[in-house]
Amino acid sequence: MALVIIWGMRLSLHVHLRNRGKPEDARYRAWRQEWGKNANVRAFLQVFLLQGLLLLVISLPITSVMIAGSSAFTLLDAAGLFIWTTGFLFEAIGDWQLLRFKKDPAQKGRIIKTGLWRYSRHPNYFGEVTLWWGIYLIALSSGASWPVIIGPVTITFLILKVSGIPMLEKKYEGNPEFEAYRRRTSAFFPLPPKA
């Protein structure tokens, strides 16, 4: 639970600092206009209820650890903690590097290609997925059955195929700087850039 609290507090602070003073997310405004008089019902079902359901699925490893109670610290716990820490650092450092890059007026409209972003187009997403796999290993150590793997599999699928990388990269399609970056840099796993 402590790992999830640390992750959640850091992410909440990051999102707050990133969005403070900015207008509402344009996607939500567009949806309300598109949905018209059905906006409240659609928002409840499509935004809040769907996210709640996904949260339940993704958090299955945490739930299983909480149900199992305390157990002796094992090598699997150590491996899970190491993987969680690696993921947490990738997410936190990647977000921090991107925030600094975007605050620099000289970088307006440019693509970040330094720091962790030199090795992965989405080091923060890599970190997010990785830390959930670490939590899964900790859940296994506490006696969870293997089907709770659906939690990290779901977050991995969402980030790789649905709302993470595909949605973000779509807005950069056709940008020559991004296309060159895409050819050289791994989308997800940190790897040395291609020549």
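Placed above this text is the structure.
What counts, and where the lines are drawn
Residues numbered from 1 in each chain as written. Predicted model: local features only at pLDDT ≥ 70, side-chain atom pairs only at ≥ 80, totals over all residues. Heavy atoms only, no water. Axes fitted to C-alpha atoms, helices over the stretch in contact; angles between N-to-C directions. Helix = DSSP H or I, 4+ residues; strand = E, 2+ residues; numbered from the N terminus. Parallel < 35°, antiparallel > 145°, perpendicular 65-115°, else oblique. Contact = heavy atoms within 4.5 Å. Nonpolar A, V, L, I, M, F, W, Y, C, P; charged D, E, K, R; others polar. Patch = residues over 30% accessible without salt bridge, like charges linked within 9 Å, V, L, I, M, F, W, Y side chains within 5 Å. Areas by Shrake-Rupley, 256 points an atom, 1.4 Å probe, with all protein chains shown as cover. Salt bridge = Lys/Arg side-chain N within 4 Å of Asp/Glu carboxyl O. Lys, Arg positive; Asp, Glu negative; His and termini not counted. Charge placed at Lys NZ, Arg CZ, Asp CG, Glu CD. Buried < 20%, exposed > 50% of the residue type's maximum accessible area, 1.4 Å probe, protein only. Polar contact = N/O pair within 3.5 Å; in protein donor to acceptor, adjacent residues only side chain to side chain. Core = buried A, V, L, I, M, F, W, Y, C linked by side-chain atoms within 4.5 Å.

Caption draft 1: Structural detail: the packing of helix α6 (residues 123-141) against helix α7 (residues 150-162). Where α6 meets α7, the closest approach of the two axes is 9 Å, and the angle between their N-to-C directions is 170°. Taken together, the axis directions place α6 and α7 in an arrangement best described as roughly antiparallel. The segment α6 lies against α7, with Tyr125, Glu128, Val129, Trp132, Trp133 and Tyr136 engaging Pro152, Val153, Ile155, Thr156 and Ile159. Counted by class, the contact of α6 with α7 contains 9 nonpolar, 1 polar and 1 charged residues.

Caption draft 2: Highlighting a positive patch on the surface. Together, Arg18, Lys22, Lys102 and Lys171 give the surface a local cluster of positive charge. Position of Lys22 among the secondary structure elements: in the loop between α1 (2-19) and α2 (26-35). Under the relative-accessibility criterion, Lys22 is labelled exposed at 53%.

Caption draft 3: Geometry of the environment of Trp132. With respect to the helices, strands and loops of the structure, Trp132 is situated in helix α6. Classification of Trp132 by relative accessible area gives buried; the value is 6%. As for Trp132 and Ile155, which are separated by 23 residues in sequence, their C-alpha atoms are 7.9 Å apart. When residues no more than four places from it in sequence are discounted, the contact partners of Trp132 are Trp7, Ile58, Ile62, Pro152 and Ile155. Side chain to side chain, Trp132 and Glu128 meet in a polar contact 3.0 Å long.

Caption draft 4: Main features of the nonpolar core. In terms of nonpolar packing, the biggest core is built from 20 residues, with Trp7, Trp84, Leu131, Trp132, Ile135 and Phe188 touching the most fellow members. Elements with a contribution of two residues or more to this core: α1, α5 (75-103), α6 and α7. Core analysis: the next-biggest nonpolar cluster, separate from the first, contains 6 residues, Phe101, Ile111, Trp117 and Tyr181 among them.

Caption draft 5: Summary view of the side chain of Asp77. When you line up the elements, Asp77 lands in helix α5. Buried and unpaired, Asp77 has Arg10 as its nearest opposite-charge partner, separated by 22 Å.

Caption draft 6: Seen up close, the pattern of salt bridges. Considering all chains together, one arrives at 9 salt bridges under this definition. Two residues, Arg10 and Glu91, come together in a salt bridge whose shortest N-O distance is 3.8 Å. Of this pair, Arg10 sits in helix α1 while Glu91 sits in helix α5, and the two are 81 residues apart along the sequence. Across the salt bridge formed by Glu179 and Arg182, the nearest N and O atoms sit 3.5 Å from each other. One end of the pair is Glu179 and the other is Arg182, both in helix α9 (residues 176-184) and 3 residues apart, which spans about a single turn. Looking at Arg182, the relative accessible area reads 29%, which means it is partly exposed. Each of Arg121, Glu169, Glu179 and Arg182 takes part in a single network of salt bridges with overlapping partners.

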